[in-house]
Amino acid sequence: MIEINGITKTYGEKVAVDDLTTTIRPGVVTGFLGPNGAGKTTTMRLIVGLDRPTAGTVRVGGHSYAHSAAPLAEVGVLLDAKAVDKGRSARNHLLAVGATVGIGKARVEEVLAMVGLTEVAHKPAGGFSLGMGQRLGIAVALLADPAVLILDEPVNGLDIDGIQWVRALLTDFAVEGRTILLSSHLMSEMQLVADHLLVIGQGRLLADTSMSDFIHHTSHGEAVEVTSPDAGALMPLLAADGVVITSTDASRFTATGVSSDVVGDLAAVHGLRLHNLTTVTASLEEAYLELTRDKVEYVGGSRLAMAA
Amino acid sequence: MTNQTNPTVHSAFDDRAHAERPAADSPAVMSAALTRTRVATHKQTFARGLVSEWIKLRSVKSTWIGAGAFGVVLVGFAALGALLTSSAAGAGPQMTDPLSTVLMGANLAVLVLGALGALAGAREFGSRMITTTTVAVPRRWKVVVAKATVLTAVILPVSLIGVFGAYALGMPILGAHGATTVALTDPGVLTSLVGMAGYLTAIALIGFGLGMLFRGTTGAIAGIIGGVLILPMLLGSLLPDSWDVVLQFLPTSAASAFTVVAGSGGMVLSAAAGVVVLVGWVLAAVGGAGVSYVRRDV
Ligand SMILES: Nc1ncnc2c1ncn2[C@@H]1O[C@H](COP(=O)(O)OP(=O)(O)OP(=O)(O)O)[C@@H](O)[C@H]1O
Ligand SMILES: [Mg+2]
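Thresholds applied
- Residue positions are given per chain, counting from 1 as you read along its sequence in written order.
- Numbering of ligands from 1 and lettering of chains from A proceed in the order in which they are written.
- Whole-chain, interface and lining totals are the exception, using all residues; otherwise, since this is a predicted model, local features are given only for residues with pLDDT of at least 70 and side-chain atom pairs are given and counted only at 80 or more.
- Side-chain measures were taken over the full set of non-hydrogen atoms in the model, leaving aside hydrogen atoms and water.
- Contact between two residues is taken to exist if any of their heavy atoms lie within 4.5 Å; hydrogens are not considered.
- Once two parts are joined, some of their accessible surface, as seen by a 1.4 Å probe, is lost; buried area is that loss totalled over both.
- Salt bridges, as used here, are contacts in which a Lys or Arg side-chain nitrogen is within 4 Å of a carboxyl oxygen on Asp or Glu.
- We call two N or O atoms a polar contact when they sit within 3.5 Å, provided that within protein one can donate a hydrogen and the other can accept it, with sequence-adjacent residues counted only if both atoms are side-chain atoms.
- The numbering of helices and of strands both runs from the N terminus, where a helix is a DSSP run of H or I of at least 4 residues and a strand a run of E of at least 2.
- Following the grouping adopted for this structure description, the nonpolar residues are Ala, Val, Leu, Ile, Met, Phe, Trp, Tyr, Cys and Pro, the charged ones are Asp, Glu, Lys and Arg, and the polar ones are all others, Gly among them.
- To get an axis, a line is fitted to the C-alpha atoms, and for a helix only the part in contact is used. The angle between two axes follows their N-to-C directions and goes from 0 to 180 degrees.
- The labels follow the angle: roughly parallel below 35 degrees, roughly antiparallel above 145, roughly perpendicular from 65 to 115, and oblique for the rest.
- In a left-handed crossing the near helix is turned counterclockwise from the far helix by less than a right angle, and in a right-handed crossing that turn is clockwise.
- Domain start and stop positions are those given by an automatic or database domain assignment.

Please set out the interface of chain A and chain B residue by residue, giving values where relevant.
If you look at the interface, chain A gives 65 residues, while chain B gives 53 residues. Buried surface at the junction of chain A and chain B, both sides included, amounts to about 4800 Å², of which 56% is carbon and sulfur. The three residues of chain A that bury the most area against chain B are A:Leu50, A:Arg88 and A:Thr100, which together make up 13% of that side's buried surface. On inspection of chain A and its partner chain B, the count reaches two salt bridges. The residue A:Asp85 makes a salt bridge to B:Arg123 at a minimum N-O spacing of 2.4 Å. Across the chain A-chain B interface, the total number found is 16 residue pairs in polar contact (both at pLDDT 80 or more). Secondary structure elements with two or more residues in the side of chain A that touches chain B: strand 1 (2-11), helix 2 (71-74), helix 3 (90-99), helix 4 (105-114), helix 5 (130-142) and helix 6 (160-175) of chain A. Ranked by residue count, the leading element in the side of chain A that touches chain B is helix 6 of chain A, at 10 residues. The class makeup of the residues in the side of chain A that touches chain B is 34 nonpolar, 12 polar and 19 charged.

Talk me through the packing of helix 3 of chain A against helix 4 of chain A; I want residue IDs and the actual numbers.
All names here are of chain A. Contact pair helix 3 / helix 4: the axes reach a minimum separation of 10 Å and the direction vectors enclose 130 degrees. Compared by their axis directions, helix 3 and helix 4 come out oblique. At the point where helix 3 passes helix 4, the crossing takes the right-handed sense. For the pair helix 3 and helix 4, the contacting residues are Arg-91, Leu-94 and Leu-95 in the first and Lys-105, Val-108, Glu-109 and Leu-112 in the second. When its residues are assigned to classes, the contact of helix 3 with helix 4 shows four nonpolar, no polar and three charged.

I'd like a description of the domain arrangement of chain A, backed by residues and values.
For chain A, the domain assignment lists domain 1 (2-217) and domain 2 (221-281). Taking only C-alpha atoms into account, the centre of domain 1 of chain A sits 44 Å from that of domain 2 of chain A.

Following this line, the structure appears as structure tokens:
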């Protein structure tokens, strides 16, 4: 359990985290979303006391992290996988970190095997690829088998096997009743693994809700994708209050506010051909984009317009 | 662990990925649930912090390269100094005392140790490893004290070996050429040698403090070179003689109170006072580094 109580962090003029209050509960994977510069990493740094909050308090497992008896066993952290000494081998890196809570060779070898680094463990970590470095960062977080896991973009740079492994691991950890806070910009990945969501923008809390509530309340629910040579005739028949139709080309359109049953029945009644009729569930990506549309810190050149 | 050995770096990841909620007896899969009960973690203590810092210090090449360079400089200059002095000795009375001759490399070697200390203090800030360290040991003073302790435990023996090595190599050379020599049993000689090792260690610790304070080696090494070499010379020539009282409190001058056998008349500090002043500098540097590390975000 992580209890965040009114934390604010300012760097000079810049307010990185703005009066954030939330509780990250055990037993579920909590996804942490927000645009670049929203304050996710800063919040995580505040939780483990790397940064002092300008105001507010954070408690991990009932006390301030600085008062942990066995810090690594309480909280496993992956903040910046590149934060390793380039000249030290992966094995020595883990041995040095583990030694602070009496973890020795056996567990280090075990964790190296878990993340698949055994064969390169003797090599300097500075020479590791992005994904190998990320695996080492994950190994540090898992080293003392912590009750709380805080992972900042853990799948960044991981290959597909690595991503699936992390997904299975997080699910297992949640089932075991541990607390997991996970940030990622990969919405599809987040949708697969997170049960609960925290969304921040410009340092402020925008949403603190379950995944399913977030998707259904924020977006316009399900959509129906239709492919039909008679699309031109079918579309006017569907027109009704609350139905929004977006046509992509002459034979294809997407409709929201209407079910696939209704579309299929209407087509049958009017003798119109259907080549494809699919219900697409709203994605986290859409819901997220909708929520954060005005909150993005750094907007790229252009933004894909959303089919509303 | 796993039965199948996969030559790629993915082995265990693969096993986990393809596992659909493994049966408890499935041999090919290491479940996070299984590992949990087997991890014996203990309280974070100062002693464990020491072990961690020792592993860190010994597992980077620069520590041993620096220590080696120090030894080569100190012992090499001892031989060189002894040879040069002996060849000049025939001409007339010896100008310098034998101990200064064999420890002639100390002026350079001290900079090597200062740089080694600076690196020990700054290194983790450069690599950002300090974030991992601070998460592992959130009581930050423990980190500073453990690092300083481990550095001392490495540098002091290395300094002693270097200083006594220089003595052991240099004196016989002087003796063989008929120049004046001193024995370890002569008054003040042993104290001077041990004192020199202590001085070298102190400068390494001051370098460590500056490295950690500035969070970088550049400023710290500049500080060491400035404070040890340039400042004493510069101030000594610029300031009027009445200021000599103040100059005695610079680290190098304070150390000369206990590293030189035959004092030059102008010495102000006693050997004991010299030790106190030098220790004061070390405490100031390491303490300053600690206060800064404890107060600032990492
Ligand atoms: N040490 C610092 N000094 C000054 N500003 C900082 C510092 N750390 C973070 N910031 C600023 O605080 C804001 C929040 O940054 P943070 O890294 O927490 O964002 P984030 O949500 O993790 O972004 P991303 O998705 O890009 O990782 C940013 O505007 C950043 O520039
Ligand atoms: Mg970030």
